[in-house]
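As a plain string of letters, each chain reads:
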Amino acid sequence: LVELFLSVPGVEYMEWIITSKIKVATTCLMVISLLINLGSPVKEVRRASVLCLQALSGVVSHFHLVINHLVPKTEEITSDVTYVAQDLATLFEELQREKKLKSHQKLSETLKNLLNCVYSCPSYIAKDLVKVLKEVNNEMVLSQLLPMAEQLLEKIQKEPTAVLKDEAIILHLTLGKYNECSASLLHKDPKSLDIFVKAVHTTKELCTGMPTIQITALEKITKPFFAAISDEKVQQKLLCMLFDLLVNCKNSHCAQTISSVFKGISVNAEQVRIELEPPDKTKSLGTIQQTRRQKMQQKKSQDLESVQEVGGSYWQRVTLILELLQHKKKLKNPQILIPTLFNLLSRSLEHLPAEQGNMEYTKQLILSCLLNICQKLSPDGGRIPKDVLDEEKFNVELIVQCIRVSEMPQTHHHALLLLGTVAGIFPDKVLHNIMSIFTFMGANVMRLDDTYSFQVINKTVKMIIPALIQSDAGDSVEVTRNVEGVVVKVIHVFVDALPHVPEHRRLPILAQLVDTLGAERFLWVLLLLLFEQYVTKTVLVAACGEKDAILEADTEFWISVCCEFSVQHQIQSLMNILQYLIKLPEEKEDAVSKAVSTKSESQEEMLQIFNIDTHTSKQLRHFKFLSVSFMSQLLASSHFIRKVVESGGPQILKGLEQRLLEIVLGYINAVAQSMEKNTDTLTVKFWRALLSKAYDTLDKVNALLPTETFVAVVRGLLDNPLPSVRRKALDLLNNKLQQNTSWKKKIVYRFLKLVPVLLAIVQHKKKSVEEQAINRQTALYTLKLLCKNFGAENPEHFVPVLNTAVRLIAPETKEDKNVLGSALLCVAEVASTLEALAIPQLPSLMPSLLTTMKNTSELVSGEVYLLSALAALQKVVETLPHFISPYLEGVLSQVVHLEKITSEMGSASQANVRVTSLKKTLATTLSPRVLLPAINRTYKQIEKNWKNHMGPFMSILQEHIGVMKKEELTSHQSQLTVFFLEALDFRAQHSENDLEEIGKTENCIIDCLVAMVVKLSEVTFRPLFFKLFDWAKTEDAPKDRLLTFYNLADCIAEKLKGLFTLFAGHLVKPFADTLNQVNISKTDEAFFDSDKDPEKCCLLLQFILNCLYKIFLFDTQHFISKERAEALMMPLVDQLENRLGGDARFQERVTKHLIPCLAQFSVAMADDSLWKPLNYQILLKTRDSSPKVRFAALITVLALAEKLKENYIVLLPESIPFLAELMEDECEEVERQCQKTIQQLEAILGEPLQSYF
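Every value quoted in this text rests on a predicted model; they were computed, and no experiment measured them.

### Focus on the overall build of the protein chain
So, step 1. Within the protein chain, the secondary structure is distributed over 66 helices and 2 strands.
So, step 2. When each of the 1253 residues of the protein chain is scored for burial, the buried share is 53%.
So, step 3. Restricting to contacts in the protein chain with at least 6 residues of sequence separation, those with at least 24 account for 76%.
So, step 4. Accessible area for the protein chain stands at about 57400 Å²; split by element, carbon and sulfur atoms hold 52% of it.

### A look at the side chain of Asp-1093
So, step 1. With respect to the helices and strands, Asp-1093 occurs in helix α60 (residues 1093-1113).
So, step 2. Buried within the structure, Asp-1093 lacks any salt-bridge partner; Lys-1039 is the closest side chain of opposite charge, at an N-O distance of 7.8 Å.
So, step 3. Setting aside anything within four residues of it in sequence, one finds Asp-1093 in contact with Ala-1086, Phe-1087 and Phe-1088.

### Comments concerning the packing of aromatic side chains
So, step 1. According to the stated counting rule, one finds 27 aromatic pairs in the structure shown.
So, step 2. Summarising the aromatic geometry, the rings of Trp-558 and Phe-630 are spaced 6.1 Å apart at their centres and angled 75° between planes, so their arrangement reads as edge-to-face. In this pair, Trp-558 is assigned in helix α32 (residues 547-562) and Phe-630 in helix α36 (residues 617-636), connecting sequence segments 72 residues apart. The burial state of Trp-558 is the same as that of Phe-630; both residues are buried.
So, step 3. Taking the centre distance of 4.9 Å and the plane angle of 65° together, the rings of Phe-686 and Trp-687 count as edge-to-face.

### So, the packing of helix α49 (residues 863-879) against helix α51 (residues 910-925)
So, step 1. As a packed pair, α49 and α51 sit with axes 10 Å apart at the nearest point and diverge in direction by 15°. Relative to α51, α49 is oriented roughly parallel. Both α49 and α51 take part in a crossing whose hand is left-handed. Between α49, through Glu-863, Leu-866, Leu-867, Leu-870, Ala-871, Leu-873, Gln-874, Val-877 and Glu-878, and α51, the contact on the second element is made entirely by Gln-910, Ala-911, Arg-914, Val-915, Ser-917, Leu-918, Thr-921, Leu-922 and Thr-925.

### Overview of the UniProt feature "coiled-coil region" (unreviewed entry) in the protein chain
So, step 1. Following the UniProt record, the feature "coiled-coil region" (unreviewed entry) maps to residues 1220-1247 here.
So, step 2. A distance of 17 Å separates the end C-alpha atoms of residues 1220-1247, which is 79% helix and 0% strand.

### Quick look at the environment of Leu-752
So, step 1. Looking at the element boundaries, Leu-752 is found in helix α42 (residues 745-752).
So, step 2. For Leu-752, a relative accessible area of 5% translates into the label buried.
So, step 3. Distance in space between the C-alpha atoms of Leu-752 and Cys-787 is 9.2 Å, their sequence separation being 35 residues.
So, step 4. When near neighbours in sequence (up to four residues on either side) are disregarded, Leu-752 contacts Phe-790, Asn-794, His-797 and Phe-798.

### Brief notes about the pattern of salt bridges
So, step 1. Across all of its chains, the model carries 29 salt bridges by this definition.
So, step 2. In this structure, Glu-586 and Lys-677 form a salt bridge, with 3.1 Å as the shortest nitrogen-oxygen distance. With Glu-586 in the loop between α33 (567-583) and α34 (588-596) and Lys-677 in helix α38 (residues 656-677), this residue pair connects regions lying 91 residues apart in the sequence.
So, step 3. Its salt-bridge partner being Arg-1232, residue Glu-1228 comes within 3.8 Å of it at the nearest N-O pair. Separated by 4 residues within a single helix, Glu-1228 and Arg-1232 lie in helix α66 (residues 1228-1245), roughly one turn from each other.
So, step 4. With a relative accessible area of 48%, Arg-1232 lands in the partly exposed category.
So, step 5. Connected through shared salt-bridge partners, Lys-1082, Asp-1134, Glu-1137 and Lys-1181 make up one network.

### A short note on empty space enclosed by the protein
So, step 1. This structure, assessed with the given rule, holds 1 cavity of 30 Å³ or more.
So, step 2. Here the largest cavity defines a volume of roughly 50 Å³.
So, step 3. If you trace the largest cavity, you find it lined by Leu-325, Lys-328, Leu-331, Leu-337, Cys-369, Asn-372, Ile-373 and Lys-376.
So, step 4. The element best represented in the lining of the largest cavity is helix α23 (residues 360-377), accounting for 4 residues.

What counts, and at which threshold
Residues numbered from 1 in each chain as written. Predicted model: local features only at pLDDT ≥ 70, side-chain atom pairs only at ≥ 80, totals over all residues. Heavy atoms only, no water. Helix = DSSP H or I, 4+ residues; strand = E, 2+ residues; numbered from the N terminus. Buried < 20%, exposed > 50% of the residue type's maximum accessible area, 1.4 Å probe, protein only. Contact = heavy atoms within 4.5 Å. Areas by Shrake-Rupley, 256 points an atom, 1.4 Å probe, with all protein chains shown as cover. Lys, Arg positive; Asp, Glu negative; His and termini not counted. Salt bridge = Lys/Arg side-chain N within 4 Å of Asp/Glu carboxyl O. Phe/Tyr/Trp six-rings, centres within 6.5 Å; stacked < 30°, edge-to-face > 60°. Axes fitted to C-alpha atoms, helices over the stretch in contact; angles between N-to-C directions. Parallel < 35°, antiparallel > 145°, perpendicular 65-115°, else oblique. Left-handed = near helix turned anticlockwise from the far one by under 90°. UniProt positions renumbered as here; feature names shortened; annotations may be inferred. 1 Å grid on protein atoms, 1.4 Å probe; cavity = no way out; pocket = protein on both sides within 12 Å on 5 of 7 lines; lining within 4 Å. Points joined across faces, edges and corners; volume = space filled by probe spheres on them.

Below is the structure:
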């Protein structure tokens, strides 16, 4: 009806009614309808409604205040659909002000009249009216609407289906009046609270798509609303209602809404505490003593109420409240809850009947709530003031008990995280229980392989350990010692648990632990405990074959742990380990004896890492050895080296390496003393091995030292009273000097300052002779290395070194052989470096060297000594070849003598190689004017004792001739000729000696001469050759010279090849004559005036035949002319009949020398006119009476055919008759050979010969 009126004609009609001042009974209804339409979504309706109200402004009514207030806002109302609601709220908000104005009464009456209309109008109008007034909030609005709400709630309870949708909306809008503006009514009018509670419990769904009354009511409990309730009892009732509803709620949406409501409101912890208390609330248990007391009382009284107290519904309610508290941020004075939560935790730990279910989840919630409260009270993890939270109220023992009792990992995690946080707040309370905490962790949590457990371990370590470390303020030694003792026990727990920890977790856990403890203070403790575990447990469990592999893997792991920390911390840890090892007793028995007496201060101060009382002596020794071995391996490991490089190199150590070196040396000193003390005991091997490992560690430390520091440290060590330490210092210095490094001048100067110190060691003697000898030997070697590195640029520093070394090798000094060997090597190096500065020492040095070499027995007994002497001599010869001429004769004699000795050691021996090198040095570095006179003089001595000496001697001259220049050879040729003429007479002068020995020696001389011959020109060689020829053929010359000459001719022919034919023409006739003279088939006279004539003649024949063979072989210039061929033919052929030396020698000579010579002779002729007589003469020998001669002639024919090949066809006709005769020879061997010869001739000539026979 109203909307019809509000159409354009309707408006005009309405204006007429109003302007006509007609009193209509429905004026009230019209105002209400117009107010409702001011909120219409249609703009024109809103404009028309304002116009109507404007018309009504003159009419007296209960609502003239409202009309007068709205009419001026025509434009705003027309433009904004929500404006009317906001404007009415503005109008009536004055009612909320404390100051009472006169207008309040009128406003209040107006509002009451409006609200009363809700009851008098139909529900669809009442709904719209309440909507228009939805922004108007105060106690009066709520109190006026409460009867309506109550009425509707009762209707819902009785007949929910009869409730109209508009009525449901009115109820929802009425519940909306429960807000911060009307909250004070709840304690003024209990009925308002009851109606609200009734609405909260109304769960029936009235209309589809509309939330239930319960949800709407719950959503009204907002933070402002709850805070506006001034009565805490009302707040408590609402909280209780929420928690009870949550316990009994079966609707998830309701539960979520309650959770959201609780999360949003700001609650005092005291209110939550009251809700957590059981119905028959007992006094909260603040301490564990009170808990125990109550437990005793419960046991004594057998009070069944305590069982009911923790009934299922109560714990369910507690669990739900605790769940809500998990995410509760707006909680005032949360510390109030702590005693109650501990009380709950105590109750949850009591033995529960089976029907009450598992309490683990509840424990976790309690622990989590405690953790949240701690974090709220102390966001930075620091201490909490006593007035906020008293330490006594925090029952750490109960948390630890919870860990012990529970078997659930999740409960453990919550408890550990809580303890970690508490450690920063109440460190003392946690420290009292620290061992219980970590013992449990080692036995349980560390064995789990999930990420959460790993994080719990890390967090616990990060939180609890700092509290432990910070408890040591450094003021008291006793406190520090106690803290360190606890830390050792904590680390022990981790180490014991390590075998059960998943492998990939071990390194991070230990790294986190040590990092938190402080690597500088406690990394060494961890390492020692790891060693102790290996020695006492791992070794016992491991199988025999697996120990090495396990140790290698463990060592790699230990190195990985170390390399998690800085290089400085690692070095510091190694120093701490060594200092700890020094304090340990040598043997367990020593520790026991000390324990019986009063303990020393150092033992009292020692941390109990390796308990001597509980371990055997063997384990103690193994522990020490493993510790030192690991240090060596760590310092040499690639991980450590990489860490040093990545950190910036050795410079970052800043003196730590020097301190480490000093401690290592101190430890070496201690071990060396222990070794000397235990020389006669069974443990001496252990001490030696330990000392070796300690030295190995020293080497590794040495590698880290900057050179300047190293030199200074070594200088100090050379004054150490222990010879073993001095020796090791020298070894370290030697290792450093052997590195191929370019040193700066400043460092070189530091090295050179060590020379006088080393000379003092070399010249000095102490009581321990053997030890000192080794040191002196090492010092000499060090001087050698210093000279090698720095001598060339600083020679003057090493002149005293040469003087000292020369005095040492003097024959009159009776020195140790090893010292002498080192002195000789030192001489070699220094002499080669000093060069001219060494000349003044030659008069002392060379005689001493030569005397040393004469002492053959000593040289042979020690190869190193021999090598040293040879090295010294070679270096002197190389360096000062122009200054050793006074001693050259002696040098040559000794070299020749030494080659005889070293050749017996084998050609591959070092000594033999060194002698060969020395010979080469003599031959190649000395000039002929120096060497040749010495050769001449030495030869006279060598000749007296020529066996095994002539070869080495001549090899020097041969090599020297090989390197002589042409002009040098020319100038010294006459001198050499005289020498060789003398030397070649060797056979003649020893004619009665063994021919084989003489031949070997003579060959050495000839080889040497041939070396000179090949360097001569034809012009210079020809006179020499004829001189040698005359030397051999002189009338009064011994016949043995012919042997020498023909041997020489054979060697020269082999060397000169075709060139020899230029000089061989004069030899043809002497060869022919000599062949006839030694042919016993032609003469009976002895050629040599000697008992060895046959042997010498055989040898002479061999030389001649060999020489002729080579002349024939290399003849390219038609040397064999007809005359020469005729001169040689018969003497050569007649040798087939010369059975000189017996059948065996005859057969060998014919086969190896004569037949090849004749065959090559035929080739050299190259003329068939000469072949025929040669062939015929050979065929005639087939008719000799001796089968041996016939056989030899037959073979010679075949050899001739083989050389001439198809050319032999012209000789075949005259050969056939002779062969036919031999086919029927009386000697079967000759006959068989003839058949073979014919077959081979057929093969050579390529045609059958059987038809000729």
